[in-house]
Amino acid sequence: MLTVGQKFPEFKKKAVVSIEKGKEFQDISSDDYKNEGKWLVMFWYPKDFTFVCPTEIAEFNKNYEEFRDRDAHLVAASTDSEFVHLAWRKHHDDLSALKFPMLADTSKSLAEELGILEKEEKIAYRATFIVDPHGIIRFVSVNDLSVGRNVKEVLRVLDALQTDELCPCNWQKGQETLKV
Amino acid sequence: MALQETKIDLLKDLKIEEVPEFISLDAMSIGETRYLKDLRINLKNTLASENLSAKEAYLLALAVAVNEKNRILIGSFTELAKENGATEAEIAETHACSSMLAVNNVFYRFRHFAKSETYNNMPAGIKMNVMMNPVLGKEFFELLSLAVSAVNGCETCVGSHESSLRKLGTSESRIFDSIRLASVVRGLSIAIY
């Protein structure tokens, strides 16, 4: 499994971005967030149409604005196809108004590269990656299939990774001078 | 565009109706400074301190808003404090605390600046009975007093309220979080007025 300090793989995948007819799909790639100088928060889950997932995805959605304010692209991902994603979003009330894309890793190539495929079923573990604007993985967590995540914890980690206290008032003797 | 959304969300967080003109907030959102994001994150994070209950956090924010004479934020934090269980008596005492501290911060700062034993020995002649048996409880009243004093920059007051809180057993992280919140609300009052 890829870990902290490693480069997040390049990718270009289909994603569901809306349930509106004609606007359902979009290609998303690793360049999108890097070109904008943003962070990437990608969270994986095993399968569409299961029970723990919608709760967790809805919780991420509820906090979408928090990720936006932290300059982070939020992306949900599983190995289901974009058509299954779309059907699930249309089928489930909590998912109809999702504000972030659902990535379809149908070929499982990205999950494979990340090393988060469960051996038996070849579905993704509940892995969360925080990637900085340079494409470097700065945080990984992985839960077994049935264990949901705490979104607040992901935000806390993102806050901690992003620089704060840039004010020279905090300069202490012996420290390097401030470089931003 | 994103900054416009952040502005709208910030007002929503604070239950403030959008009025035609927030001079600074509008300038920041029209000119798209990313500071608005910092401000909203800082406010949410400091209000959500593990070392303060929601009611305490909103009352503390209210004390600073009163100190800043910021009508919009006073309205907002009063409503939010009440939603989290604050009584009329506690709201009243929060206002009283800020007013009392406005007196003390000037008075004790003068003594501190003047550095003269004469003034230190002259009786203050200022009633401070509100500090006797506060409905907010001694410890929380002290915490409000410390935060307001930090905002107003009275060294003597900060020193004495901090040490009395430590004697009451207040943790340094609770004190620190209160000051973080007070600082952010002071910044907020310069964005929304």
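That block above? That's the structure.
Owing to the predicted nature of the structure, the values given are computational and were not obtained by experimental measurement.

Caption draft 1: A look at the overall build of chain B. Each helix and strand counted, chain B has 10 helices and 0 strands in total. Starting at the N terminus, the α and β elements of chain B follow one another as α-α-α-α-α-α-α-α-α-α. For 193 residues, the compact-globule formula gives about 16 Å, and the C-alpha radius of gyration of chain B, at 18 Å, lands near that figure. Expressed as lengths along the three principal axes of its C-alpha atoms, the size of chain B is roughly 60 × 35 × 25 Å. Every one of the 193 residues in chain B was classed for burial, and the buried ones make up 39%. A sequence separation of at least 24 residues applies to 75% of the contacts in chain B between residues at least 6 apart.

Caption draft 2: Region of the structure containing the overall build of chain A. Summing up its helical and strand segments, chain A has 6 helices and 7 strands in all. What you see in chain A, going N to C, is helices and strands ordered as β-β-α-β-α-α-β-α-β-α-β-β-α. For a compact globule of 180 residues, the expected C-alpha radius of gyration is about 16 Å, and chain A comes in at 17 Å, within 12% of that figure. If you line up chain A on its principal axes, its C-alpha atoms span 60 × 35 × 30 Å. Look at the contacts in chain A between residues 6 or more apart in sequence, and 68% of them connect residues 24 or more apart.

Caption draft 3: Seen up close, helix 10 (residues 172-191) of chain B. All names here are of chain B. With 20 residues, helix 10 ought to run about 28 Å at 1.5 Å a step, and its terminal C-alpha atoms sit 29 Å apart, in line with that. Within helix 10 the residues assigned to the buried category are I175, D177, S178, L181, A182, V184, V185, L188, S189 and A191. Close packing links the buried residues of helix 10 with helix 2 (23-30), helix 3 (35-47), helix 4 (54-67), helix 5 (71-83), helix 8 (138-152) and helix 9 (155-167).

Caption draft 4: Fine view of the environment of P9 of chain A. Residue and element names in this part refer to chain A. Locating P9 in the fold gives a position in the segment before strand 1 (12-16). Given 14 C-beta atoms within a 10 Å radius, P9 is considered partly exposed. Along the chain, P9 and M102 lie 93 residues apart, while their C-alpha atoms are 18 Å from each other. Sequence-distant contacts of P9, that is, excluding residues within four places in its chain, are made with L110, E113 and L114.

Caption draft 5: Structural view of the packing of helix 6 (residues 88-114) of chain B against helix 8 of chain B. Residue and element names in this part refer to chain B. In the contact formed by helix 6 and helix 8, the axes pass within 9 Å of each other and the chain directions differ by 50°. Between helix 6 and helix 8, the angle is such that the two are oblique. Helix 6 and helix 8 meet at a crossing whose hand is right-handed. From helix 6, T94, C97, S98, L101 and N105 reach across to helix 8, where they touch F141, L144, S145, V148, S149 and N152. Grouping the amino acids of the contact of helix 6 with helix 8 by side-chain chemistry returns 5 nonpolar, 6 polar and no charged.

Caption draft 6: Geometry of the interface of chain B and chain A. Listed as interface residues are 7 residues of chain B and, on the opposing side, 5 residues of chain A. Those elements giving two or more residues to the side of chain B that touches chain A turn out to be helix 1 (2-13) and helix 3 of chain B. Take the side of chain B that touches chain A: its biggest share by element is 4 residues, from helix 3 of chain B. Classifying every residue of the side of chain B that touches chain A gives 2 nonpolar, 2 polar and 3 charged.

Caption draft 7: Region of the structure containing the pairing of strand 1 of chain A. Residues and elements named next belong to chain A. Counting buried positions along strand 1 gives 4 out of 5 residues, so the element sits mostly inside the fold. In terms of strand pairing, strand 1 meets strand 2 (residues 25-29) through 5 bridges, oriented antiparallel. Residue pairing in the sheet places K13 in a bridge with I28 of strand 2. Across 3 bridges, the pairing between strand 1 and strand 5 (residues 102-104) is antiparallel. In the strand pairing of strand 5, A15 is matched with L103.

Caption draft 8: How the structure looks around the sheet that holds strand 2 of chain A. All names here are of chain A. The strand order 2-1-5-4-3-6-7 describes an open sheet built from 7 strands, whose pairing is mixed. Of all strands in the sheet, those with a lone pairing partner are strand 2 and strand 7 (137-143), marking the two edges. Strand-to-strand twist in this sheet, taken as the mean axis angle between neighbours without regard to direction, amounts to 30°. Summarising the sheet, strand 4 (residues 72-78) and strand 5 pair through 3 bridges and their orientation is parallel.

Quick notes on the rules
Residues numbered from 1 in each chain as written. Chains lettered and ligands numbered in written order. Predicted model: local features only at pLDDT ≥ 70, side-chain atom pairs only at ≥ 80, totals over all residues. Helix = DSSP H or I, 4+ residues; strand = E, 2+ residues; numbered from the N terminus. Rg over C-alpha atoms; globule rule 2.2 N^0.38 Å. Buried ≥ 20, exposed ≤ 12 C-beta atoms within 10 Å, placed from the backbone. Contact = placed C-beta atoms within 7 Å. Expected span 1.5 Å × (residues − 1). Axes fitted to C-alpha atoms, helices over the stretch in contact; angles between N-to-C directions. Parallel < 35°, antiparallel > 145°, perpendicular 65-115°, else oblique. Left-handed = near helix turned anticlockwise from the far one by under 90°. Nonpolar A, V, L, I, M, F, W, Y, C, P; charged D, E, K, R; others polar. Pairing = 2+ DSSP bridges.

By themselves, these are just geometric observations and shouldn't be taken as functional.
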